[in-house]
Amino acid sequence: MLDVKKDFPIFNEQAKKFVYLDSSATTLKPQTVIDSVADYYSKYSANVHRSIYTISEKATAAYEGSRSKAAKLINAPTNSIVFTKGTTESINLVAYAWGRKNLRAGDEILLTEMEHHSNLIPWQLCAKDTGAILRFIPFNDDGTLDLSDPDQYFNSKTKLVSVIHQSNVFGTVNPVNDIVKKAHDVGAIALVDAAQSVPHQPVDITDIDCDFLAFSGHKMLGPTGIGVLYGKPELLEKMDPFLGGGEMIRIVSLSDSTWNDIPWKFEAGTPNIAQAIGLGAAIDYINEIGMDAIHKHDQELLKYALEKMREIPNVTVYGSADERGAVISFNVENIHPHDLSQLLDYDGIAIRAGHHCAQPIMKKLGVSATGRASFYVYNSKEDVDRLCESLVKTVKFMGG
Ligand code: 7TS
């Protein structure tokens, strides 16, 4: 098991022993990431790509260095990495810059029933504007996708397939390689929402062969306000810009303009420089531990937690896919997850309670909300023990 709590200053700040189990929402930040952001602001806080003086060149080099690190992490060419605000903005970028241009009335957009709202609402808006039709691959009781009859979903009308790689509710790791292949077989393009997978397992875009892939820096130890859209360069080249403004142009006249090369064509205005630099430091930190070691650590914790939680009476765990990440959604009989979360907080344990931005999943499960514990590099088996002790106490308190 990894032992890296000492790298995360938040654990020193907390008065009582703090157990953080909400990494699917956002992760804690190691000192190296915090230092890299503070360093930029205190030592070279210039704008990027526009000035020829020392600290500006240093800022540009650090910003572009982070792009190379993000590219390497998913085995992509550097010019295929567009910096965005996060996964949500990455998907919206595709829905506006690719979707509005390429989708027509009657075309089908294929999603799954287990999407995060950020991979659902942009396509609802796009469907309204274009007349395209939304279709959904359903999920089974165990939280896996029902791909038993793929021809029902993949057909000549399918133009875009957009799927969540790892569910933020069930933890299920979906078979994205197969899904992308099926999309390509019917001539559709494929987007993978990798917000929950890139931080937790090796992801190689040459293996998945997706056309677009989106993830967020803050879910992988980096700052908020920075995310990535990977796009196949030939697709990015053909797309019009998403936002217009400074730096995304080449030549501007009063009536017309031409565009910068990719990826800068999609980065209008002053970007989130400090955040991008912080993401680079987060990737360095992850690489130092090693993604395989992170995945192994997560899996060991997940197995331990699942075994212990399933033994607690009156606790229902949702989802039981064979291949899954370290996130567990659950409910305790007769107690609302919000109340449960508050009771756990009295014991210094932070879980998420709510619909997890996946209301259609809640509806299908027949619940309004669930509790959710999610794990990352700084969690230990002791954290799981603390969660389970607190759950047992709560169940007893509720008369279970
Ligand atoms: N896609 C998935 C699979 C997610 O889990 C999230 C955030 C997003 C997209 C959106 O990412 P953002 O960085 O643009 O906000 N998921 C969660 C969660 O599970 N709890 O809080 C945020």
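Our subject is the structure that appears above.
To keep things clear, this report deals only with the structure shown in the data block. Along each chain, residues carry numbers from 1 onward, in the same order as the chain's sequence is written. Confidence filtering applies because this is a predicted model: local features only for residues at pLDDT of at least 70, side-chain atom pairs given and counted only at 80 or more, and all residues used for totals across whole chains, interfaces and linings. Calculation of side-chain values draws on the structure's entire complement of heavy atoms; hydrogens and water are dropped beforehand.

### Overview of the site of the ligand
Here comes step 1: Nearness is defined per residue: one heavy atom within 4 Å of the molecule or strand is enough. With respect to spatial proximity, 17 residues lie near the ligand, and among them T88, D193, Q196, R352 and R372 are the closest.
Here comes step 2: As used in this structure description, the phrase polar contact means that two N or O atoms lie within 3.5 Å; if the pair is within protein, one of them must be able to donate a hydrogen and the other to accept it, and residues adjacent in sequence are counted only when both atoms belong to side chains. Take K219: an N or O atom from its side chain is 2.9 Å from a nitrogen atom of the ligand.
Here comes step 3: At a threshold of 2 Å from the grid points, most atoms of the ligand map onto the largest pocket.
Here comes step 4: Among the residues forming the shell around the ligand, the class breakdown is three nonpolar, 10 polar and four charged. A cavity here means a set of points on a 1 Å grid, drawn over the protein atoms and nothing else, where a 1.4 Å probe fits but cannot get out; a pocket is an open set with protein on both sides within 12 Å along at least five of seven lines, and a residue lines either one if it has an atom within 4 Å of a point. Pocket or cavity membership: a molecule qualifies when more than half of its atoms sit within 2 Å of the grid points of that site. Gly falls in the polar group here, along with every residue not listed as nonpolar (Ala, Val, Leu, Ile, Met, Phe, Trp, Tyr, Cys, Pro) or charged (Asp, Glu, Lys, Arg).

### What to know about the side chain of S90
Here comes step 1: We count a stretch as a helix when DSSP gives it H or I for four or more residues in a row; a strand needs E for two or more, and each element gets its number in order from the N terminus. Relative to the elements of secondary structure, S90 occurs in helix α4 (residues 87–102).
Here comes step 2: Of the residues examined, S90 reaches a relative accessible area of 0% and is grouped as buried.
Here comes step 3: Whether two residues touch is decided by their heavy atoms; if any such pair falls within 4.5 Å, the residues are in contact. Not counting residues up to four positions away in its chain, the partners in contact with S90 are T84, A214, V228 and L229. The cut-offs for exposure are 20% and 50% of the maximum accessible area for each residue type, with area from a 1.4 Å probe on protein chains only; residues under the lower value are buried, those over the upper are exposed, and the others partly exposed.

### Describing the sheet that holds strand β11 (residues 315–318)
Here comes step 1: Taken together, the four strands give an open sheet; going across it, the order is β11-β12-β15-β14, and neighbouring strands pair in antiparallel fashion. Sheet topology places β11 and β14 (352–354) at the edges, where each strand pairs with a single neighbour. Averaged over all pairs of adjacent strands, the angle between their axes in this sheet comes to 30 degrees, without regard to strand direction.
Here comes step 2: A pair of strands is treated as paired once DSSP finds two or more bridges between them. As paired elements, strand β12 (residues 327–332) and strand β15 (residues 370–374) share four bridges and run antiparallel to each other. Of the residues in β15, the one forming a bridge with F330 is G371.
Here comes step 3: Relative to the sheet, helix α10 (residues 291–311) contacts β11 and β12, its axis offset from that of β12 by approximately 10 degrees. Under this scheme, a helix contributes an axis fitted over its contacting stretch, all axes are lines through C-alpha atoms, and angles between N-to-C directions fall in the 0 to 180 degree range.

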